Protein chains: 4
Amino acid sequence: MAIHHFQPTHYHTALGAHEPVLHIESGDTVFTTTVDNAGYDATDTQVTPGGNPQTGPFYIESAEPGDTLTVHFDRILPNRKIGRTATVIAPNVLDPGYVAAEMPAGGRAEWHVDVEKWTATLLSPQTQLGAFTLPLEPMVGCFGVAPPRGQAISTATSSTHGGNMDYRGFQEGVTVYLPVFVAGALFHLGDGHAVQGDGEIVGTGVEISFDVQFTVNVIKGKSINWPRAENADYILTAGNARPLAQAVQHATTELVRWLGELGLKKRAAHILLGQAVQYDMGNVFDPAYTMVCKVKKSILREVGVWE
Amino acid sequence: MAIHHFQPTHYHTALGAHEPVLHIESGDTVFTTTVDNAGYDATDTQVTPGGNPQTGPFYIESAEPGDTLTVHFDRILPNRKIGRTATVIAPNVLDPGYVAAEMPAGGRAEWHVDVEKWTATLLSPQTQLGAFTLPLEPMVGCFGVAPPRGQAISTATSSTHGGNMDYRGFQEGVTVYLPVFVAGALFHLGDGHAVQGDGEIVGTGVEISFDVQFTVNVIKGKSINWPRAENADYILTAGNARPLAQAVQHATTELVRWLGELGLKKRAAHILLGQAVQYDMGNVFDPAYTMVCKVKKSILREVGVWE
Amino acid sequence: MAIHHFQPTHYHTALGAHEPVLHIESGDTVFTTTVDNAGYDATDTQVTPGGNPQTGPFYIESAEPGDTLTVHFDRILPNRKIGRTATVIAPNVLDPGYVAAEMPAGGRAEWHVDVEKWTATLLSPQTQLGAFTLPLEPMVGCFGVAPPRGQAISTATSSTHGGNMDYRGFQEGVTVYLPVFVAGALFHLGDGHAVQGDGEIVGTGVEISFDVQFTVNVIKGKSINWPRAENADYILTAGNARPLAQAVQHATTELVRWLGELGLKKRAAHILLGQAVQYDMGNVFDPAYTMVCKVKKSILREVGVWE
Amino acid sequence: MAIHHFQPTHYHTALGAHEPVLHIESGDTVFTTTVDNAGYDATDTQVTPGGNPQTGPFYIESAEPGDTLTVHFDRILPNRKIGRTATVIAPNVLDPGYVAAEMPAGGRAEWHVDVEKWTATLLSPQTQLGAFTLPLEPMVGCFGVAPPRGQAISTATSSTHGGNMDYRGFQEGVTVYLPVFVAGALFHLGDGHAVQGDGEIVGTGVEISFDVQFTVNVIKGKSINWPRAENADYILTAGNARPLAQAVQHATTELVRWLGELGLKKRAAHILLGQAVQYDMGNVFDPAYTMVCKVKKSILREVGVWE
């Protein structure tokens, strides 16, 4: 159960079998930092090219293909005061007719991020919104492991290995589960958002650098098909694909499988989800979209399959 | 502001320019009943063929094409004790490979609906779920007006006129807004659910007959493109289309338009939604899927466009 | 085997259970005319509002729900010299980024249609294309029967009942098969194109009025799921849905079924189609898109299931 | 204009920046071989793991990011007598309801490939099809260059860099154009099919090893967005994406751009394509689908933009 302090010196814009930056054991905890989507660090200095650069990869010693890696986000905290967003809803999220006729001009917006007051406040441009303020909800936009088949996959998209899911629920206190495709799993993370709307429909959250603490564990011999997670109230699965309905299919199928692993027979799992399932929408900006399928732990307890 | 008591004697399985059952004025309130999706009434007697049969249509005197009709759901209450659901997740909501290999057998489930305890409890089939119980969340699965262009559209699907949206948020206390395409608007409603999972992924909620009270108002000379609604906390828009991402496009575009009508310039509306928008998933079982795009009234108040 | 001459005096912009304009028998032939998509007739006079107005419906005496109606297009001939097209590719057919930044202005184009030379020649606007000339390929853009469930469905879209499929293969000499949903089938047709690109990507072909001759036959007790057709070389099925991949699913499944009806067991049908299937793309402009799945009659003859 | 004879000793199942097997110059010709999708060579011996293993990559000396690489397929010839196919249409190509209820059992089929008679004949399994025979149409299923952003992308899918497009038109005599993302371009090819139905709907063509001859050329300073090609009669573009309609968007937009490069203004290009465009469907089995958009060279000549 070692504790590691790791300060990155280079970053990756594809998730792949890159040279590990650190070898750690199952159970270990890592303190590290992430730069923002454009490669700017805690001092707001660009230290690497943009495109969701990732800290890592971290090699977890016992992880082998066919295992599952869990990562608990112990702490996710903006480590500077300036955040930035895009300002125009992506054309793929609007009616084609609106896009052809009515799109506003682009540009960047700047936000003041205050971790004392726990707020993000719009600084510029000057609009009717004035000093528009939202409560912080820090989340990790992009994280994952090296994908299968010798691939290296852009951090602009997502798949079975995780990636750029931009799901608001990937917050401090959440445990994520990732399939292991290569020896050491090779965990990467980055693209922190101080706050974000559902879908990341302008293509950014309030992009910011983070101080991060996470703890890994390897579940030997257990294989999963898609990223999973649990928080205090829910178990959830993330399907990453285009079109959006296929992301629904992947997430739903994976949650049905999970209920099966918990001991529910198929018929029971289908009946339960039919009336109790919930969905959240992740990224609808990337090449692959993300849908999250979830069910309350209280319901699983009621039917005796969760402690 | 008259109050009408209307007991239906026939029903429609398409929303269209059928003979009105009642002529009412803007501001009037109607007490009526709906049968369940299969045409069974409060006594659990089949009184009409199945397929989401609708009560109505109601002709609202001053409504003309280009107006908007608002309907406040004053009361939505199950009026019998038995509800029914399907038991298998629809094949379009699961991975094709799972569907090809792993689908459980079908059949119906019965639920005891108790409006005193405010619960729905699984009665049959006998499964590991035992007497699985969920709190009630009564909602109207299908409602809408006569569509444009002389069409009559099946209550198995949805479009700009409303229809079978199966959105859990269409509950008591909500005000819905519908575009008016024909004189009198011709409002229909039916397909009540005592409770339902997101997406109606088994193709049913807990299907049940309702006692309903609703109040209509006509907004003259105001036209909208898609169904809208407001509840205590949110304003929201519903996009109805396949594929699912197109439902996202319609709902998002309509909410951008609404913010414009409230006085936000485009650039401000895009920036605000980028970090504050939320989405809920309605029906993903029907020919047309439903996505809801919403924003908190508290946020609109903060930026001065909501009283 | 009567021959009918019918001159329409009114038209419909939804396919539905409208009052029949003529009652005919299975085996009968009808000579009639169609107006163009905008309601202009052989004299280029607007005689009805636009929106793909349809001639009909024709009531075929013996046709009952569950039967199949065949319609042989004996003759499809432009009956005036002027045709019109839109000039801008629809935004749903182009990349959202292109649509946001690069769309040209709209407007109409006029074409000279010459049935002697069998050509369509661009008259206006004046562009680099000059007197751009294409050979004629007259086709019926929209035809079908009254849909099921009391529906009336806009002639801007398509479904199991046919409708606005805009498939270039629906030409003179082709026999189409349509499912019968109501007594008399209620056949409609209109929206003639002198020539059209695949997909109708500008939203129009060279729109023109037609002289039409067609012959109907009822196949009693045979039910089909989707429109089918045969020409000299192919049997084909049309799937009408969004998204486009679902149109592929419907068309493929229907052709598998057709091969089954011809006597091929499933395994043989799958193997054959795997290496011999062909697809054509119909309309990708409408709410529902169209894909055609086809196989050569020569191949069916080779394996002994076609005479 | 050197000629190279290259016999591969290892293969790749992802397209990426692998160590080049050969450095060649623009204008050079290469004679080489490809193994089949499962890694079997001309002697039907498995020499590498399956998954569309690729021969290459070939480093073309002058190619730099932002250039275009052309590859002329001089010769594509099956070099053994046995080919194999899957036998079941993929579940994503059929209606979900059909998949849930009616899928036949799987298994492999073997075909005798005869380059003298130019035929592929079904050998097994024994079905009603008997010795079903199709004419050969040899095509390259998968080819492409190293993708951008340090990615390595599985040969099971496709994108801007090419990949597993399975388009029947990529035959001998065709010239393909590929965007160059890395120094040397790094051209790979493999996955030969003796014949294939549109869409590769069973997930395979008649899979076979090839003798291949190809000639490369670099177009300096010219950048394209998607794979392009030309044959004797057509220029064409390939869009690779899910959903299928997005593949249509990419291909159409790229052909509009190509017409612009040829000198047609946007308005003229849109009008021309509206009535003269054609589409072919490539792979609908992979994660990314392929649609091809094309226009006849004779039409381009008529309007003076093709020599």
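Residues numbered from 1 in each chain as written. Chains lettered and ligands numbered in written order. Predicted model: local features only at pLDDT ≥ 70, side-chain atom pairs only at ≥ 80, totals over all residues.

A.B. asks: Run through the interface of chain A and chain B, naming residues and quoting values.
C.D. replies: In this assembly, 52 residues from chain A lie in contact with 52 residues from chain B. Of all the secondary-structure elements, those providing two or more residues to the side of chain A that touches chain B are strand S7 (82-86), helix H2 (244-261), helix H3 (266-276) and strand S21 (278-281) of chain A. When residues in the side of chain A that touches chain B are grouped by element, the largest group, 10 residues, is from H3(A). Its residues assigned to classes, the side of chain A that touches chain B comprises 30 nonpolar, 16 polar and 6 charged. (Contact = placed C-beta atoms within 7 Å. Helix = DSSP H or I, 4+ residues; strand = E, 2+ residues; numbered from the N terminus. Nonpolar A, V, L, I, M, F, W, Y, C, P; charged D, E, K, R; others polar.)

A.B. asks: I'd like to hear about the pairing of strand S19 (residues 234-241) of chain C, residue by residue, with values.
C.D. replies: Residues and elements named next belong to chain C. Within S19, 7 of the 8 residues are buried, which leaves the element mostly enclosed by the surrounding structure. Strand direction decides the pairing type here: strand S18 (residues 228-230) and S19, joined by 3 bridges, are antiparallel. Bridging across to S19, Glu230 finds its partner in Ile235. If you look at the hairpin formed by S18 and S19, you'll find 3 residues sitting between the two strands. Here S19 runs beside strand S21 (residues 289-296); their pairing, made up of 8 bridges, is antiparallel. The residue of S21 that forms the bridge with Gly239 is Met291. (Buried ≥ 20, exposed ≤ 12 C-beta atoms within 10 Å, placed from the backbone. Pairing = 2+ DSSP bridges.)

A.B. asks: If you had to explain the sheet that holds strand S8 (residues 108-114) of chain C to someone new, which residues and values would you point to?
C.D. replies: Strands sit in the order S7-S8-S9-S10 (chain C) across an open sheet of 4 strands; the sheet is antiparallel. Strands at the two margins of the open sheet, each flanked by one partner only, are strand S7 (82-86) and strand S10 (133-135) of chain C. Geometrically, the sheet is characterised by an average inter-axis angle of 30 degrees between neighbouring strands, direction not taken into account. In this sheet, S8(C) lies alongside S7(C) in antiparallel orientation, the contact comprising 5 bridges. Across the sheet, Thr85(C) pairs through a bridge with Ala109(C), a residue of S8(C). Along the sheet face, helix H3 (residues 266-276) of chain D touches S7, S8 and S10 of chain C and points at about 115 degrees away from the line of S7(C). (Axes fitted to C-alpha atoms, helices over the stretch in contact; angles between N-to-C directions.)

A.B. asks: Now, about the nonpolar core: what can you tell me, with residues and values included?
C.D. replies: Membership of the largest hydrophobic core comes to 407 residues, with the highest contact counts inside it found for Leu69(A), Leu69(B), Leu69(C) and Leu69(D). In contact with Leu69(D), other than residues within four places in its own chain, are Ile60(D), Ala63(D), Val145(D), Leu178(D), Val180(D), Ala185(D), Phe187(D), Val216(D) and Val218(D). (Core = buried A, V, L, I, M, F, W, Y, C linked by C-beta atoms within 7 Å.)

A.B. asks: I'd like a description of the interface of chain C and chain D, backed by residues and values.
C.D. replies: Listed as interface residues are 52 residues of chain C and, on the opposing side, 52 residues of chain D. Elements that contribute at least two residues to the side of chain C that touches chain D include exactly S7, helix H2 (244-261), helix H3 (266-276) and strand S20 (278-281) of chain C. Considering each element in turn, the side of chain C that touches chain D owes the most residues, 10 residues, to H3(C). Its residues placed into classes, the side of chain C that touches chain D shows 30 nonpolar, 16 polar and 6 charged.

A.B. asks: Give a description of H3(C) that names residues and reports values.
C.D. replies: Residues spaced three or four apart along an α-helix face the same direction, because each turn holds 3.6 residues. Most of H3(C) is tucked away: 9 of the 11 residues are buried. Turning to H3(C), its buried residues are Ala268(C), Ala269(C), His270(C), Ile271(C), Leu272(C), Leu273(C), Gly274(C), Gln275(C) and Ala276(C).

A.B. asks: Before we move on, could you go through the relation of the copies chain A and chain B and cite the residues and values that matter?
C.D. replies: If you rotate chain A by 180 degrees and push it 0.0 Å along the axis, it lands on chain B with an RMSD of 0.0 Å. When the rotation and shift are considered jointly, the pair of chain copies conforms to a two-fold rotation axis. For chain A, the smallest separation between a C-alpha atom and the rotation axis is recorded for Leu244(A), amounting to 3.0 Å. Looking at the interface residues of chain A, 100% of them are also at the interface in chain B, so both copies use one shared face. (Least-squares fit on C-alpha atoms with pLDDT ≥ 70 in both.)

A.B. asks: Just give me the short version of unusual backbone geometry, but keep the residues and values in it.
C.D. replies: Note that the residue after Ser124(B), namely Pro125(B), is joined by a cis bond; omega there is 0 degrees. For Pro125(B), the position within the fold is in the loop between strand S9 (119-124) and strand S10 (133-135). Even without being glycine, Leu186(B) reaches a positive phi, approximately 65 degrees. Take Leu186(B): it is sitting in the loop between strand S15 (175-179) and strand S16 (187-193). We classify Leu186(B) as buried; it has 28 C-beta atoms within 10 Å. We note that Asp191(C) has phi near 60 degrees; this positive angle belongs to a residue other than glycine.

A.B. asks: Can you explain the sheet that holds strand S14 (residues 162-164) of chain C? Please cite residues and give values.
C.D. replies: All names here are of chain C. If you walk across this open sheet you meet the 6 strands as S3-S5-S16-S11-S14-S13, and the pairing is mixed. Two strands lie at the open edges of the sheet, namely strand S3 (22-24) and strand S13 (158-159), each paired on one side alone. For strand S5 (residues 54-60) and strand S16 (residues 187-193), the ladder comprises 3 bridges, and the chain directions are antiparallel. The residue of S16 that forms the bridge with Gln54 is Gly190.

A.B. asks: Could you give an account of the environment of Asn225(C), with specific residues and numbers?
C.D. replies: Residues and elements named next belong to chain C. Summarising the element assignment, Asn225 is placed in the loop between strand S17 (210-219) and S18. Linking Asn225 and Ala245, residues 20 residues apart in sequence, is a C-alpha distance of 17 Å. Setting aside residues no more than four positions away along its own chain, Asn225 makes contact with Thr160, Pro179, Glu254 and Arg257.

A.B. asks: An account of the confidence of the model for chain A is requested, with residue identities and associated values reported.
C.D. replies: For residues with low pLDDT, the predicted coordinates do not support detailed interpretation. Confidence in the prediction of chain A, expressed as mean pLDDT, is 97, and 100% of residues score 70 or more. For this predicted complex, the interface confidence score (ipTM) comes to 0.97, while the overall pTM stands at 0.97. (pLDDT = per-residue confidence, 0-100.)

A.B. asks: With reference to specific residues and values, describe the domain arrangement of chain A.
C.D. replies: Residues and elements named next belong to chain A. Partitioning chain A into structural domains gives domain 1 (3-79 + 140-219), domain 2 (83-135) and domain 3 (228-302). Centre-to-centre separation of domain 1 and domain 3, based on C-alpha positions: 22 Å. The interface of domain 1 with domain 3 comprises 21 residues on the first partner and 18 residues on the second. A total of 3 residues in the side of domain 1 that touches domain 3 trace back to one element, the largest contributor, which is strand S15 (residues 175-179). Class assignment of the residues belonging to the side of domain 1 that touches domain 3 gives a composition of 8 nonpolar, 10 polar and 3 charged. (Domains from an automatic or database assignment.)

A.B. asks: Tell me what's going on with the packing of H2(A) against helix H2 (residues 244-261) of chain B, and back it up with residues and numbers.
C.D. replies: Each pair of packed helices can be summarised by the angle the axes make with each other and by the distance between the axes. One can describe the packing of H2(A) onto H2(B) by two numbers: an axis separation of 6 Å at closest approach and a directional angle of 120 degrees. When the axes of H2(A) and H2(B) are compared, the pair comes out oblique. Where H2(A) approaches H2(B), its residues Leu244(A), Ala245(A) and Val248(A) are matched on the opposing element by Leu244(B), Ala245(B) and Val248(B). Grouping the amino acids of the contact of H2(A) with H2(B) by side-chain chemistry returns 6 nonpolar, no polar and no charged. (Parallel < 35°, antiparallel > 145°, perpendicular 65-115°, else oblique.)

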